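Below, each chain spelled out in residue letters.
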Amino acid sequence: MKTALITGMGGQDGSYLSEFLLDKGYRVVGTVPDEDPANIDRIRHLLDRVEVVQDDLLDQDRIEKVFHDHRPDEVYNFAANSVLAASFQQPILATMVLAMGVTRILEAIRKIIPKTRYFQASSSEIFGKPAEVPQSEKTPFHPRNPYGVSKVYGHLMTMTYRENYGLFACSGILYNHESPRRSPEFVTRKITRAAAMIKLGLAKELRLGNLDARRDWGFAGDYVRAMWLMLQQPQADDYVLATGETHSVRDLCEEAFSHAGLDYREYIVQEAESFRPPETAQLVGNPGKAHRVLGWKREVSFRDLVRTMVDADLEVLRTKRPN
Ligand code: GDP
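First things first, this report covers the structure right here in the doc. (Residues numbered from 1 in each chain as written. Predicted model: local features only at pLDDT ≥ 70, side-chain atom pairs only at ≥ 80, totals over all residues. Heavy atoms only, no water.)

1. A closer look at the overall build of the protein
Phase 1 of the analysis: Helices and strands together make up the secondary structure of the protein, namely 10 helices and 13 strands.
Phase 2 of the analysis: Relative to the globule expectation of 20 Å for 323 residues, the C-alpha radius of gyration of the protein, 20 Å, shows essentially globular dimensions.
Phase 3 of the analysis: Across the 323 residues of the protein, 54% fall into the buried class.
Phase 4 of the analysis: Counting only contacts in the protein whose residues sit at least 6 apart along the sequence, the fraction spanning at least 24 positions is 78%.
Phase 5 of the analysis: Accessible area of the protein: about 14800 Å², with a carbon and sulfur share of 50%.
Phase 6 of the analysis: When the 42 positive and 44 negative side-chain charges of the protein are each reduced to one mean point, those points stand 2 Å apart. (Helix = DSSP H or I, 4+ residues; strand = E, 2+ residues; numbered from the N terminus. Rg over C-alpha atoms; globule rule 2.2 N^0.38 Å. Buried < 20%, exposed > 50% of the residue type's maximum accessible area, 1.4 Å probe, protein only. Contact = heavy atoms within 4.5 Å. Areas by Shrake-Rupley, 256 points an atom, 1.4 Å probe, with all protein chains shown as cover. Lys, Arg positive; Asp, Glu negative; His and termini not counted. Charge placed at Lys NZ, Arg CZ, Asp CG, Glu CD.)

Listed below in structure tokens is the structure:
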């Protein structure tokens, strides 16, 4: 039986990947940063089938102890605060976890179990202000925030351990990937939850920033399958994981609200606080290499993703309501 270690198991991707690997017969061990019960909300239904350990990736000895104790065959690194705004507020902490955390894990692998296969959750934010559209594995890096800068570091360190130490270490350059487990700081979930609340009479409006902003949005469940595929290849490599298409925030609103039987134009209020500096070029990934080499294709369309999220939000709110 193979053992997988997932850092940041309680996040969206950690929870989907845990389910995926359990189905494949893996023993799954995961880390959470601290005792906050919110860390296990998304994996509560798995707690009798996975092992959870506390580790925040700030302490090398502790990381090495986890490796000694569990000797994982595969390691997936999701430990991060993936909300961009938090990396502006706490850039030093973000750097310690997002950047230094990668080196700590790679060092532990190199020293303790060098045959272990490593997946680094890299990000489209490494392209920030992209030199070309769409972006591929060859597009130059141009991050625009502390999160993106730390992700560039993690990406390059993963490559360095692959090239210099021969580790099986891969980066998946992940474009936005969403699900009913996405936290509501992200615009997708903010919109699907608001559509459900308005439908049920629990809210009257939705305050948003730029409706013309566009993103390459896929389903998180499709992306964790690609991550696993990357670690099953004969050679370690980096791959863009994306849908290759973009939609606007307005498209998202239209899809979500119409699925709930509503006209979004009646409920959206644009507010200055949610506006960000204008984006000069679009972040959209070219997933051609993942298609070609991994045989990976996403299975969930934008439309189905948004509809599933609205249905899940309606379900949660209905079951929570007193009557
Ligand atoms: P990320 O910026 O790609 O990590 O993902 P988000 O889901 O936070 O934002 C996606 C896009 O939606 C960005 O271009 C935002 O400018 C835009 N957006 C518009 N209104 C909002 C809002 O109210 N909240 C958030 N989070 N994003 C918004």
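2. Some points on the sheet that holds strand S5 (residues 117-123)
Phase 1 of the analysis: Across the sheet, 7 strands lie side by side as S3-S2-S1-S4-S5-S6-S11; this open sheet has parallel pairing. At either end of the open sheet lies a strand with only one pairing partner, and these are strand S3 (50-54) and strand S11 (239-241). Shown here is a sheet whose adjacent strand axes are inclined to one another by a mean of 20 degrees, direction ignored.
Phase 2 of the analysis: Of the strand pairs in this sheet, strand S4 (residues 74-77) and S5 are connected by 4 bridges, and their pairing is parallel. Each residue of the ladder has a partner; that of Tyr-76, found in S5, is Phe-119.
Phase 3 of the analysis: Running at roughly 170 degrees to strand S1 (residues 3-7), helix H1 (residues 12-23) makes contact with S1, strand S2 (27-32), S3, S4 and strand S6 (168-174) of the sheet. (Pairing = 2+ DSSP bridges. Axes fitted to C-alpha atoms, helices over the stretch in contact; angles between N-to-C directions.)

3. A short note on helix H5 (residues 146-165)
At 3.6 residues per turn, the α-helix brings residues three or four places apart onto the same side.
Phase 1 of the analysis: A rise of 1.5 Å per residue sets the reference length of H5, with its 20 residues, at 28 Å; its end C-alpha atoms lie 28 Å apart and thus fit the reference within 8%.
Phase 2 of the analysis: Within the span of H5, buried status applies to Tyr-147, Gly-148, Ser-150, Lys-151, Val-152, Gly-154, His-155, Met-157, Thr-158, Tyr-161 and Arg-162. (Expected span 1.5 Å × (residues − 1).)

4. A short note on the environment of Tyr-153
Phase 1 of the analysis: With respect to the helices and strands, Tyr-153 occurs in helix H5.
Phase 2 of the analysis: Residue classification places Tyr-153 among the partly exposed residues on the basis of a relative accessible area of 30%.
Phase 3 of the analysis: Considered as a pair, Tyr-153 and Thr-95 are 58 residues apart in the sequence and their alpha carbons are 9.1 Å apart.
Phase 4 of the analysis: In contact with Tyr-153, not counting residues within four places along its chain, are Ala-99, Met-100 and Thr-103.

5. Let's talk about the pattern of salt bridges
Phase 1 of the analysis: The full count for this structure, using the stated rule, is 20 salt bridges.
Phase 2 of the analysis: Its salt-bridge partner being Lys-65, residue Asp-69 comes within 2.6 Å of it at the nearest N-O pair. With Asp-69 and Lys-65 both in helix H2 (residues 60-70), this residue pair falls 4 residues apart, about one helical turn.
Phase 3 of the analysis: Looking at Asp-69, the relative accessible area reads 47%, which means it is partly exposed. (Salt bridge = Lys/Arg side-chain N within 4 Å of Asp/Glu carboxyl O.)

Distances and angles like these do not, on their own, reveal function.
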